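# Examination of the molecular architecture
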Amino acid sequence: MAAENSSSVREFILSGLTDQQELQIPLFFLFLGFYMVTVVGNLGLIILIGLNSHLHIPMYFLLFNLSFIDFSFSAAIIPKMLMSFVSKNIISYAGCMTQLFFFCFFVFSESFILAYDRYVAICNPLVYTLSMSPQVCLLLLSGVYGMGVLGAVAHTGNILFLTFCADNVINHYMCDILPLLELSCNGSYVNVLVVVIVVTIGIGVPIVAIFISYGFILSSILHISSTAGRSKAFGTCSSHIIAVSLFFGSGAFMYLKPPSVLSLDQGKVSSLFYTIVVPMFNPLIYSLRNKDVKFALKRTLGRISFS
């Protein structure tokens, strides 16, 4: 931790989402509610998939991991965010770097697991089970989490080489890359370039796969003769498209825009979509319209009521 030794800052203060006192308590309860929905939704899916053997297939194996990522992602960000609404939110240098690492790890992991699952499920639906054998699933997840580690190491390593002087107030509700770059004494265009390159890979590669996926499905939908059939198909995909668009769109807008376009205060609002909104909605999107999950939920509740 040579970077820490060269820095005069041993702790940071997270300024939070807003400095307007009248909004602190309402926002605390609002985001506490979001967090509870996220935890119950994702943890519920994890338990349902674990307890029901008919869900032990590749598609739900990936959904299990997506829920695990969303649950862990939220746990790394929201509890510390909630503290900033009710008290002075102090985080140590080591704690800040740890939060940054896990934030980057889960964001990259989610990007790639969303992209690959959508690509295979949509472009090759008839051979989905064959394509996603247990061996392929394990290989896929190794790649997903491997990319998560690489992205986290690249971003965290980039920040560790920076020096922080007198100012230790991070203009954010979490230890994020851009606010830390702005706060540093010796940040340069090289550090910014590293961020742009790593984010472009983390967003660009998955989003290309997703665009290809939905290009295929759009082509298929347009070939459906009945209006009712087309409407049903669009309805099935629309919620997935919205979630994916919010996740990748807000991330690209936050990290790939020119600094003059979006201030850090506006960036905090933009970051809410991929840190809080998407992890909360993913379990709802993947379960409310899913007959297998609904059946598993009814069967599990039935077991509990008769036990």
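Residues numbered from 1 in each chain as written. Predicted model: local features only at pLDDT ≥ 70, side-chain atom pairs only at ≥ 80, totals over all residues. Heavy atoms only, no water.

### Quick word on empty space enclosed by the protein
Considering all chains together, one arrives at two cavities of 30 Å³ or more under this definition. One number sums up the size of the largest cavity: a volume of about 180 Å³. If you go around the largest cavity, you meet 15 residues; those closest to its centre are Val-107, Phe-108, Val-199, Ile-203 and Tyr-255. Mapped onto the lining of the largest cavity, the elements with two or more residues apiece are helix 4 (93-123), helix 8 (189-222) and helix 9 (227-255). Sort the elements by how many residues they give to the lining of the largest cavity and helix 4 lands first, with five residues. Taken together, the residues of the lining of the largest cavity break down into eleven nonpolar, four polar and no charged. By volume, the second largest cavity is sized at about 30 Å³. For the second largest cavity, the full set of lining residues is Leu-114, His-240, Ala-243, Val-244, Phe-247, Val-278, Asn-282 and Tyr-286. The dominant element in the lining of the second largest cavity, judged by the number of residues it contributes, is helix 9, at four residues. Classifying every residue of the lining of the second largest cavity by side-chain character gives six nonpolar, two polar and no charged. (1 Å grid on protein atoms, 1.4 Å probe; cavity = no way out; pocket = protein on both sides within 12 Å on 5 of 7 lines; lining within 4 Å. Points joined across faces, edges and corners; volume = space filled by probe spheres on them. Helix = DSSP H or I, 4+ residues; strand = E, 2+ residues; numbered from the N terminus. Nonpolar A, V, L, I, M, F, W, Y, C, P; charged D, E, K, R; others polar.)

### Remarks on the UniProt feature "transmembrane region" (unreviewed entry) in the protein
UniProt feature "transmembrane region" (unreviewed entry): in the numbering of this structure it lies at residues 25-48, 60-78, 90-115, 136-154, 189-222, 234-256 and 271-289. Regarding residues 90-115, the helix share stands at 88% and the strand share at 12%, and the terminal C-alpha atoms are separated by 36 Å. For residues 136-154, the end-to-end C-alpha separation is 27 Å, with 100% helix and 0% strand making up the annotated structure. (UniProt positions renumbered as here; feature names shortened; annotations may be inferred.)

### Some thoughts on the nonpolar core
Judged by nonpolar contacts, the single largest core of 77 residues is most densely connected at Phe-12, Phe-31, Phe-103, Ile-159, Phe-164 and Leu-180. Of the residues forming this core, the biggest block, 14 residues, is contributed by helix 4. Apart from residues lying up to four places away in sequence, Leu-180 is in contact with Phe-12, Cys-96, Met-97, Leu-100, Ile-159, Leu-162, Phe-164, Ile-170 and Cys-175. (Core = buried A, V, L, I, M, F, W, Y, C linked by side-chain atoms within 4.5 Å. Buried < 20%, exposed > 50% of the residue type's maximum accessible area, 1.4 Å probe, protein only. Contact = heavy atoms within 4.5 Å.)

### What about the sheet that holds strand 2 (residues 89-92)?
Spatial strand order, 2-1-3: three strands in an open sheet with mixed pairing. Since the sheet does not close on itself, it has two edges, and those belong to strand 2 and strand 3 (169-170), each with one partner. With two bridges joining them, strand 1 (residues 11-14) and strand 3 adopt parallel strand pairing. By the bridge assignment, Ile-13 is partnered in strand 3 with Val-169. Sitting on the sheet, helix 3 (residues 58-86) is in contact with strand 1 and strand 2, with an inclination near 140° to strand 2. (Pairing = 2+ DSSP bridges. Axes fitted to C-alpha atoms, helices over the stretch in contact; angles between N-to-C directions.)

### Looking at the packing of helix 3 against helix 6 (residues 134-160)
Direction vectors running N to C along helix 3 and helix 6 enclose 25°, while the axes themselves pass 11 Å from each other. With respect to helix 6, the axis of helix 3 lies roughly parallel. In this structure, the crossing between helix 3 and helix 6 has a hand that is right-handed. Across from Pro-58, Phe-61, Leu-62, Asn-65, Phe-68 and Ile-69 in helix 3, the residues of helix 6 making contact are Cys-137, Leu-138, Leu-140, Leu-141 and Tyr-145. The residue makeup of the contact of helix 3 with helix 6, split by class, is ten nonpolar, one polar and no charged. (Parallel < 35°, antiparallel > 145°, perpendicular 65-115°, else oblique. Left-handed = near helix turned anticlockwise from the far one by under 90°.)

### A short note on the confidence of the model for the protein
Here the protein averages 83 in pLDDT, and 84% of its residues register 70 or above. Low pLDDT, under 50, characterises residues 1-6; the stretch is placed with ten contacts to residues that sit more than four places away or in other chains. (pLDDT = per-residue confidence, 0-100.)

### A few points about the side chain of Ser-111
Relative to the elements of secondary structure, Ser-111 occurs in helix 4. Separated by 2.9 Å, the side chain of Ser-111 and the backbone oxygen of Val-107 make a polar contact. Setting aside residues up to four positions removed in sequence, Ser-111 forms contacts with Gly-202, Pro-206, Phe-247 and Phe-248. (Polar contact = N/O pair within 3.5 Å; in protein donor to acceptor, adjacent residues only side chain to side chain.)

### So, a nonpolar patch on the surface
A contiguous nonpolar surface patch, about 340 Å² in accessible area, is contributed by Leu-193, Ile-197, Ile-201 and Val-205. In this structure, Leu-193 sits in helix 8. Accessibility expressed as a relative area gives 45% for Leu-193, which makes it partly exposed. (Patch = residues over 30% accessible without salt bridge, like charges linked within 9 Å, V, L, I, M, F, W, Y side chains within 5 Å. Areas by Shrake-Rupley, 256 points an atom, 1.4 Å probe, with all protein chains shown as cover. Salt bridge = Lys/Arg side-chain N within 4 Å of Asp/Glu carboxyl O.)

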